[in-house]
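Spelled out, the chains give:
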Amino acid sequence: MVIPTLLLAIILPFLGALIVVPLGRLSRRVQGHFAVAIAATTFLLVTLIVPEVAQAGETKLYLPWTSILGPVLTFRVDSLSLIFALVASSFGLLSILYSVGDMSGKEGIGRYYALMLIFTGSMLGLFVSGNLLLLFYFWEMVGLCSYFLIGFGYSAESGRASAKALLITSYAGAFLLLGILVTYFLTGTLEISEVGLRLKDPMAVALVVSLFLLAAMAKSAQFPLHVWLPGATIAPSAVTAYLHAAAMVKAGVYLVARSYSTFPAILPTVSYDFAIATIGVVTLTIGTMAAWVQHDVKRVLAFHTV
């Protein structure tokens, strides 16, 4: 029951996003309560599979009918993906719950709730993707939701901030796509569990993980690709706290963590640890120094996030 339950947890926010906008004709209060109910149910569904994953370990689901479109898409649940899924769903619930009061009376609230729900579903899909192509699809969905939510206010400042975020996170998508194409060219598969078994050349692994690391740097706002995040605080408070401080930047973290589990035997020989440590220390130093001189608490949060 692990995969069906998790698939329902992914699909439910997308279905909720379709329904929450028309509910505005009834009442904005109903919209908020409905969005909270969808987020709470999603979180509950994710928590329900924790005991089963702890007992059974890794579980996969193949979607053979997707072969008509190209590679067979798969979903994969293990302890790593489950931890990230719990983070995304729990913070999604808290952020939408907070938004009921924080966004009360704002124009376009239905669109806001729809985007927040789509973002939650996309993050869950990203974390449980067993196929690199499926992971890339959800990776881009996350970035698109971020773009729309940063520019939610339709002001000149929010427009500039959302465009900047989209541009830099698009670099992340480009690096990830290039890494996926190189992986497929070298291995003939996009299955995450099989890539590490087929890719044995240390130089090839170095190239792939370097592209993945560059993608993670842009998505997770690491130096020197961190410059989009402070401006993104123009978004509503819940968006700043959830998308950019708690969830979206975890996509890059997850990609790095997944690389470790995919190439465990070869990674130490390509100095991956040193590269990550260097980027982390530099970003940590710059982020801390920048946070000291901020007057806006949301910008402090942004630099704390990096």
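Before reading on, note that the structure itself is shown above.
Residues numbered from 1 in each chain as written. Predicted model: local features only at pLDDT ≥ 70, side-chain atom pairs only at ≥ 80, totals over all residues. Heavy atoms only, no water.

Participant: Please clarify how the overall build of the chain should be interpreted in this entry.
Facilitator: A count of helical and extended segments in the chain gives 13 helices and 2 strands. Its C-alpha atoms give the chain a radius of gyration of 19 Å, within 12% of the compact-globule value 19 Å for 306 residues. The dimensions of the chain, computed from C-alpha atoms along their principal axes, are 60 × 50 × 35 Å. Burial status across the chain gives 52% buried among its 306 residues. Only carbon and sulfur atoms are counted for the fraction: they give 72% of the accessible area of the chain, which is about 13,600 Å². (Helix = DSSP H or I, 4+ residues; strand = E, 2+ residues; numbered from the N terminus. Rg over C-alpha atoms; globule rule 2.2 N^0.38 Å. Buried < 20%, exposed > 50% of the residue type's maximum accessible area, 1.4 Å probe, protein only. Areas by Shrake-Rupley, 256 points an atom, 1.4 Å probe, with all protein chains shown as cover.)

Participant: Explanation requested: the packing of aromatic side chains in the structure shown.
Facilitator: The relation between two aromatic rings is expressed through the spacing of the ring centres and the mutual angle of the planes. For the structure shown, the criterion picks out 7 aromatic pairs. Relative to phenylalanine 152, the ring of tyrosine 112 has its centre 5.6 Å away and its plane inclined at 65 degrees; by these criteria the two rings are edge-to-face. Taken as a pair, tyrosine 112 in helix α5 (residues 109-127) and phenylalanine 152 in the loop between α6 (132-150) and α7 (156-187) lie far apart in primary sequence, 40 residues in all. For tyrosine 112, a relative accessible area of 0% corresponds to the buried category. Phenylalanine 152 gets classed as buried once you look at its relative accessible area, which sits at 7%. One aromatic cluster is present, formed by Phe84, Phe127 and Tyr254 through successive ring pairs. (Phe/Tyr/Trp six-rings, centres within 6.5 Å; stacked < 30°, edge-to-face > 60°.)

Participant: Any chance you could explain the side chain of histidine 226 here in plain terms?
Facilitator: With respect to the element layout, histidine 226 can be found in the loop between α9 (202-219) and α10 (228-231). Take histidine 226: its relative accessible area is 12%, and that puts it in the buried class. In contact with histidine 226, other than residues within four places in its own chain, are Ala221, Ile286 and Val306. (Contact = heavy atoms within 4.5 Å.)

Participant: Honestly, helix α4 (residues 79-102) in this entry has me stumped. Any pointers?
Facilitator: Counting along an α-helix, one turn takes 3.6 residues, and residues three or four places apart therefore face a common direction. For α4, which comprises 24 residues, the first-to-last C-alpha distance of 34 Å matches the rise-based estimate of 34 Å (1.5 Å per residue) to within 8%. Buried residues of α4: Ser81, Leu82, Phe84, Ala85, Ala88, Ser89, Ser90, Gly92, Leu93, Ser95, Ile96 and Ser99, and no others. (Expected span 1.5 Å × (residues − 1).)

Participant: Is there a simple way to think about the packing of α5 against α6 in this case?
Facilitator: A pair of packed helices can be characterised by two numbers: the angle between their axes and the separation between those axes. Where α5 meets α6, the closest approach of the two axes is 8 Å, and the angle between their N-to-C directions is 155 degrees. Considered as vectors, α5 and α6 are oriented roughly antiparallel to each other. Both α5 and α6 take part in a crossing whose hand is left-handed. The residues of α6 that touch α5, namely those facing Tyr112, Leu115, Met116, Ile118, Phe119, Gly121, Ser122, Met123, Gly125 and Leu126, are Leu135, Phe138, Trp139, Met141, Val142, Cys145, Phe148 and Leu149. Each residue belonging to the contact of α5 with α6 can be placed in one class, and the counts come to 15 nonpolar, 3 polar and no charged. (Axes fitted to C-alpha atoms, helices over the stretch in contact; angles between N-to-C directions. Parallel < 35°, antiparallel > 145°, perpendicular 65-115°, else oblique. Left-handed = near helix turned anticlockwise from the far one by under 90°. Nonpolar A, V, L, I, M, F, W, Y, C, P; charged D, E, K, R; others polar.)

Participant: Any chance you could explain unusual backbone geometry here in plain terms?
Facilitator: Here the amide bond leading from phenylalanine 223 into proline 224 is cis, since omega sits at 5 degrees, within 30 degrees of zero. Tracing the backbone shows proline 224 in the loop between α9 and α10. With a phi angle near 55 degrees, alanine 221 is a residue other than glycine that sits in the positive phi range. The residue alanine 221 is located in the loop between α9 and α10 in this model.

Participant: Looking at this structure, how should I read α9?
Facilitator: Spanning 18 residues, α9 covers 25 Å between terminal C-alpha atoms, matching the ideal 26 Å at 1.5 Å per step. Along α9, 13 of the 18 residues are buried, which leaves the element largely enclosed by surrounding structure. Positive phi shows up at alanine 221, right after α9, with a value of about 55 degrees.

Participant: Help me understand a nonpolar patch on the surface in this model?
Facilitator: A cluster of nonpolar residues, Ile11, Leu15, Leu18 and Ile19, forms a patch on the protein surface that exposes about 380 Å² of accessible area. With respect to the helices and strands, leucine 15 occurs in helix α1 (residues 2-20). The partly exposed category is assigned to leucine 15, whose relative accessible area is 44%. (Patch = residues over 30% accessible without salt bridge, like charges linked within 9 Å, V, L, I, M, F, W, Y side chains within 5 Å. Salt bridge = Lys/Arg side-chain N within 4 Å of Asp/Glu carboxyl O.)

Participant: I keep staring at the environment of arginine 160 and nothing clicks. Help me out?
Facilitator: With respect to the helices and strands, arginine 160 occurs in helix α7. Separated by 10 residues in sequence, arginine 160 and isoleucine 150 have C-alpha atoms that sit 9.4 Å apart.

Participant: Help me out: how do you make sense of the nonpolar core in this one?
Facilitator: The nonpolar side chains of a soluble globular protein tend to be buried with one another. Grouped together as the largest cluster of nonpolar side chains are 89 residues, with contacts concentrated most on Ile96, Tyr112, Leu126, Trp139, Leu176 and Trp228. The leading source of residues in this core is α5, at 12 residues. If we skip the residues at most four places from it in the chain, leucine 176 touches Leu135, Phe136, Trp139, Phe212, Ala215 and Leu255. (Core = buried A, V, L, I, M, F, W, Y, C linked by side-chain atoms within 4.5 Å.)

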